[in-house]
2 protein chains.
Amino acid sequence: MTTTTVMAGIPATNLSLFRAIRFKVGDPTALVTLRDADGRERRLLIIRDIEMERAKLHARVDSVHCPADFEPASGLSGDRETATAQALAHCLVGKGVSSVRADRSLPLIYAHFIRAAGVSIECDTEMGVLERRAKDAQELAWLREAQAATEDAMRLACETVARAGVARDGTLLLGGASLTAERLRALIDIHLLERGYENPESIVACGAQGADCHDHGHGILRTGEPVIVDIFPRNRKTLYNGDMTRTVVHGVASPLVTRMHAAVIDAKRAAIAAVRAGVTGESVHHATLATLAAHGFSNGQPSVERVPVISHGTGHGIGLEVHEPPLLAGKGPELVVGDVLTVEPGLYAIGVGGVRVEDMVAVTADGCENFNQLQEGLDWR
Amino acid sequence: MTTTTVMAGIPATNLSLFRAIRFKVGDPTALVTLRDADGRERRLLIIRDIEMERAKLHARVDSVHCPADFEPASGLSGDRETATAQALAHCLVGKGVSSVRADRSLPLIYAHFIRAAGVSIECDTEMGVLERRAKDAQELAWLREAQAATEDAMRLACETVARAGVARDGTLLLGGASLTAERLRALIDIHLLERGYENPESIVACGAQGADCHDHGHGILRTGEPVIVDIFPRNRKTLYNGDMTRTVVHGVASPLVTRMHAAVIDAKRAAIAAVRAGVTGESVHHATLATLAAHGFSNGQPSVERVPVISHGTGHGIGLEVHEPPLLAGKGPELVVGDVLTVEPGLYAIGVGGVRVEDMVAVTADGCENFNQLQEGLDWR
């Protein structure tokens, strides 16, 4: 078993690397973990020269170097990523390392230069995966905090829709102008920005738009129609994400939408009741499907006008990325203590739209902790 | 020469893959480019099932598939990234491909499953690099647009500092409260968000903080001290970035800061005058260093109190990422038509702070186009 491991990439976007070193930087970076015969680790970081002082203060490593510290006889490239890969390879040679293991995220250029230097490299496809899934107490606190901020933004969004004015043609109005998906998104974004969150484009999908579960929505919002609001912001300091969905109707929901919503809430309750360490993600999804089936709704892509179906899995892992393992879906693996998951059943019907409600939960030995407290009804007046 | 190439990753963060397909999605995605004997390309995309319809409409590929379309006899993993890598490998086997080339960004898990399926894979470390560097007319337009939005935010920031009130202890005041780096950053962020830009943490580094060229700055801003403002937002639709820096002083700048600023402006002018296709990034940096030397300033890390030095290169390529090849620094390669570059000389002195001024230019056959028009002085009243 090879005991030296390598990771590399740009920590600002390679979140496995960020998690390993807890240091955010936008330039190519490599991490070597050497282990001695007693299993003691020594972690060595190769980073851009002008980041070294900051890295010495903040990165969780034992020593900090720059590419020039490991310049091979043939020299280093003038390209920063290439030079980092060359330096990583030369560092391994200098330490007498003949083989290394790497995680699944390693960019191929690093493997290329490691092999070219005569060091063998093997991809350990599971390295770091379970470690990232099982969140520690600090990570759980950061996710709780992110979800609380997401709830505040959600309340603002749903109350804004529910309390909007309405024109004679059913268009919602705010401050004398049409309330559009774009305007609501801007309100959400600014609210979150002021609280230290960056927010990728939220889903605000009104009426028939909501039938495609990944349509982000656009244009005018209307009374009497379901509006899916799905918000997934990232804390700019911790980098951990929130993710939740509510569905709001201005005015009176139709009987079909009311029935869809009742089924979705029931499915979410059943799925959350099924979550605990040791059960599979697939079995949690089956709890969703069974509950929706009991309400008369089946699984598949929307194809028949006004016939609601669930067209996606029950949820996914979340942490430093909004979508991480495991999936609550077919083939979803056994859950572990510390998995943080979204539970987000939805129903989608052509010509009607969608209803989705999403919470975030943390898996415990005998169940889960739900990070959400916000109401989940259609009426937010 | 192997004619089949592969790329893979998450297009929302792997910008080489995004550029190849012009389709943004947050889930694992793979692209296979097959070439027939006449060199005609056929581009095949493997993407998450629920994104297929959107990809068929928008992705620049010839056919769209999901992992289940290429399920090997051993089945697909319940993990989305693993399943995409398994499907990519099985797709290659099914097409009779025995070897492929991949770009430098390919995550190692894809190479792992390709090799495990008996297909050889070679990293072409230069694949896509020059293509990404040489921006086309559309990309130049997107970068010009991003830089114009950045100039608007910069004017707001510098004028806010210059026109702020001042307390008896020299603290700047805005609306009755201290004007801090954090408050100025929030004004910049909201201004940009309202115009469709997301904005990573800007640098607002006042006085001595500015001596570390990568300190983002914090706390109270003061009269009479240089404030480095460096803003690098991304357009949420195009994903292209702006990047510029100005240095502003509230009130009267010290003679040393005034002298540093004059040298930096002169160095920027000399560097820009040196830019054209065929010259090296290193030679442009030498123009910067020679000009600063003529003003009495040398190259190195700040070490002596009140002695300004330049501690970084002249600039970097920019496009879908804020930092891309080529570098305007030691070993910087020959420039090509369409390279878009920042030119950002700076001087940094312990106990004084920093002065940096940064424009963005596009390389042409006989010079460059400067995307900036904003004034570059210290005084923004």
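Bear in mind the structure is a predicted one, so any value in this text is a computation, not a measurement.

K.L.:
What exactly am I supposed to notice about the overall build of chain A here?
P.N.:
A count of helices and strands for chain A gives nine helices and 23 strands. By its C-alpha atoms, chain A is 75 × 45 × 35 Å across when sized along the principal axes. Relative to its 381 residues, chain A shows a buried fraction of 54%. Contacts in chain A between residues at least 24 apart in sequence constitute 63% of all its contacts with a sequence separation of at least 6.

K.L.:
Even after reading the chapter, I still don't get the nonpolar core, so can you show me in this structure?
P.N.:
Soluble globular proteins: nonpolar side chains tend toward being buried together. Core analysis: the biggest nonpolar cluster contains 234 residues, and A:Leu88 and B:Leu88 have the highest contact counts within it. Filtering out sequence-adjacent residues up to four positions away, A:Leu88 remains in contact with A:Val6, A:Ala8, A:Ala30, A:Val32, A:Ile46, A:Tyr110, A:Phe113 and A:Ile114.

K.L.:
How do you make sense of the packing of helix α6 (residues 137-162) of chain A against helix α7 (residues 181-193) of chain A when you look at a structure like this?
P.N.:
Between two packed helices, both the angle of their axes relative to each other and the distance between the axes serve to describe the pair. Residue and element names in this part refer to chain A. Across the interface, α6 lies against α7 with an axial gap of 10 Å and an inter-helix angle of 150°. One way to sum up the angle between α6 and α7 is to call them roughly antiparallel. Remark: the crossing between α6 and α7 carries right-handed chirality. Facing Ala-149, Ala-153, Leu-156, Ala-157, Thr-160 and Val-161 of α6, the residues of α7 in contact are Leu-184, Leu-187, Ile-188, His-191 and Leu-192. A breakdown of the residues in the contact of α6 with α7 according to their chemical character gives nine nonpolar, two polar and no charged.

K.L.:
I keep staring at the interface of chain B and chain A and nothing clicks. Help me out?
P.N.:
Interfaces are often sized by the amount of accessible area the parts lose when they come together. Between chain B and chain A, the residue contacts involve 40 residues of the former and 40 residues of the latter. Broken down by secondary-structure element, the contributors of at least two residues to the side of chain B that touches chain A are α3 (80-94), α4 (108-116), α7 (181-193) and β18 (324-328) of chain B.

K.L.:
Looking at this model, I keep getting lost on the sheet that holds strand β14 (residues 244-249) of chain A. Mind explaining?
P.N.:
Backbone-to-backbone hydrogen bonds join strands into a sheet, with any given pair of strands oriented parallel or antiparallel. All names here are of chain A. Read across the sheet, three strands follow the order β11-β12-β14 without closing on themselves; strand pairing throughout is antiparallel. Of all the strands in the sheet, the pair left with one neighbour each is β11 (203-206) and β14. Geometrically, the sheet is characterised by an average inter-axis angle of 15° between neighbouring strands, direction not taken into account. Alignment of β11 against strand β12 (residues 226-231), held across four bridges, turns out to be antiparallel.

K.L.:
In this structure, what is going on with the relation of the copies chain B and chain A? I would like to understand it.
P.N.:
For the pair of chain copies, the relating operation is a rotation around an axis with a shift along it. Overlaying chain B on chain A yields an RMSD of 0.0 Å, the required transformation being a rotation through 180° with an accompanying axial translation of 0.0 Å. Taken together, the turn and the small shift mark the pair as related by a two-fold rotation axis. When C-alpha positions in chain B are compared against the rotation axis, the closest is assigned to B:Pro107, at 2.4 Å. Both copies share a contact surface, since 100% of the interface residues of chain B are interface residues in chain A too.

K.L.:
Looking at this structure, I do not really get the environment of B:Arg195. What am I missing?
P.N.:
Note that B:Arg195 resides in the loop between α7 and β10 (197-198). Considered as a pair, B:Arg195 and B:Ala149 are 46 residues apart in the sequence and their alpha carbons are 7.7 Å apart.

K.L.:
Looking at this structure, I do not really get the pairing of strand β12 (residues 226-231) of chain B. What am I missing?
P.N.:
Looking along a regular strand, one sees the side chains alternate between the two faces of the sheet. All names here are of chain B. Across the six residues of β12, six count as buried, placing the element largely inside the fold. Of the two faces of β12, the one holding Pro-226, Ile-228 and Asp-230 and the one holding Val-227, Val-229 and Ile-231 are both buried throughout. Sheet analysis places β12 next to strand β14 (residues 244-249), joined by six bridges and oriented antiparallel. In the sheet register, Pro-226 faces β14, and the bridge partner there is Val-249.

K.L.:
Would you take a moment to explain the domain arrangement of chain A for this structure?
P.N.:
The domain boundaries assigned to chain A delineate domain 1 (5-127) and domain 2 (133-370). Centre-to-centre, using C-alpha coordinates, domain 1 of chain A lies 38 Å away from domain 2 of chain A.

K.L.:
Where do I start with unusual backbone geometry in this structure?
P.N.:
Outside of glycine, negative phi angles account for most residues, and trans bonds account for most peptide bonds. The step from A:Pro325 to A:Pro326 runs through a cis peptide bond, and the omega angle for that step is 0°. With respect to the helices and strands, the residue A:Pro326 is situated in strand β18 (residues 324-328). In the Ramachandran plot, A:Arg306 falls in the positive-phi region, its phi being about 65° despite a non-glycine side chain. Structurally, the position occupied by A:Arg306 is in the loop between β15 (298-299) and β16 (309-310). At B:Arg22, a residue that is not glycine, the phi angle is positive and equals roughly 50°. Among the secondary structure elements, B:Arg22 is positioned in the loop between α1 (15-21) and β2 (29-35). A tally of 12 C-beta atoms within 10 Å means that B:Arg22 is categorised as exposed.

K.L.:
Help me understand the confidence of the model for chain A, please; the structure alone is not making it clear to me.
P.N.:
For any part of a model where pLDDT is low, the fine detail of the predicted coordinates should not be relied upon. Per-residue confidence for chain A gives a mean pLDDT of 97, with 99% of residues at or over 70. As a predicted assembly, this complex carries a pTM of 0.95 together with an ipTM value of 0.95.

K.L.:
Can you help me understand the pairing of strand β6 (residues 120-123) of chain B in this one?
P.N.:
Residue and element names in this part refer to chain B. Burial along β6 is one-sided: Ile-121 and Cys-123 are buried, while Ser-120 and Glu-122, pointing the other way, are not. The pairing of strand β5 (residues 99-102) with β6 spans four bridges and is parallel. Following the sheet pairing, Ala-102 is matched in β6 by Cys-123. Between the parallel elements β5 and β6, the chain passes through α4 in a crossover that is right-handed.

K.L.:
Help me understand the sheet that holds β2(B) in this model?
P.N.:
Residues and elements named next belong to chain B. The strand order across the open sheet built from six strands is β4-β3-β2-β1-β5-β6, with neighbouring strands paired in mixed fashion. Each edge of the sheet is formed by a strand with only one pairing partner; in this case those strands are β4 (63-65) and β6. Looking at each pair of strands side by side, their axes are set apart by 25° on average, direction ignored. Pairing geometry for strand β1 (residues 5-9) and β5, over two bridges, is parallel.

K.L.:
Got a minute to help me understand the environment of A:Thr82 in this structure?
P.N.:
Its place among the elements puts A:Thr82 in helix α3 (residues 80-94). Exposure remark for A:Thr82: the 22 C-beta atoms within 10 Å place this residue in the buried category. Through-space distance from the C-alpha of A:Thr82 to that of A:Pro72 is 13 Å; in sequence the pair is ten residues apart. Sequence-distant contacts of A:Thr82, that is, excluding residues within four places in its chain, are made with A:Ser77, A:Ile109 and B:Thr125.

Cut-offs applied
- Residues numbered from 1 in each chain as written.
- Chains lettered and ligands numbered in written order.
- Predicted model: local features only at pLDDT ≥ 70, side-chain atom pairs only at ≥ 80, totals over all residues.
- Helix = DSSP H or I, 4+ residues; strand = E, 2+ residues; numbered from the N terminus.
- Buried ≥ 20, exposed ≤ 12 C-beta atoms within 10 Å, placed from the backbone.
- Contact = placed C-beta atoms within 7 Å.
- Core = buried A, V, L, I, M, F, W, Y, C linked by C-beta atoms within 7 Å.
- Axes fitted to C-alpha atoms, helices over the stretch in contact; angles between N-to-C directions.
- Parallel < 35°, antiparallel > 145°, perpendicular 65-115°, else oblique.
- Left-handed = near helix turned anticlockwise from the far one by under 90°.
- Nonpolar A, V, L, I, M, F, W, Y, C, P; charged D, E, K, R; others polar.
- Pairing = 2+ DSSP bridges.
- Least-squares fit on C-alpha atoms with pLDDT ≥ 70 in both.
- Domains from an automatic or database assignment.
- pLDDT = per-residue confidence, 0-100.
- Right-handed = clockwise from strand over helix to strand, strands pointing away.

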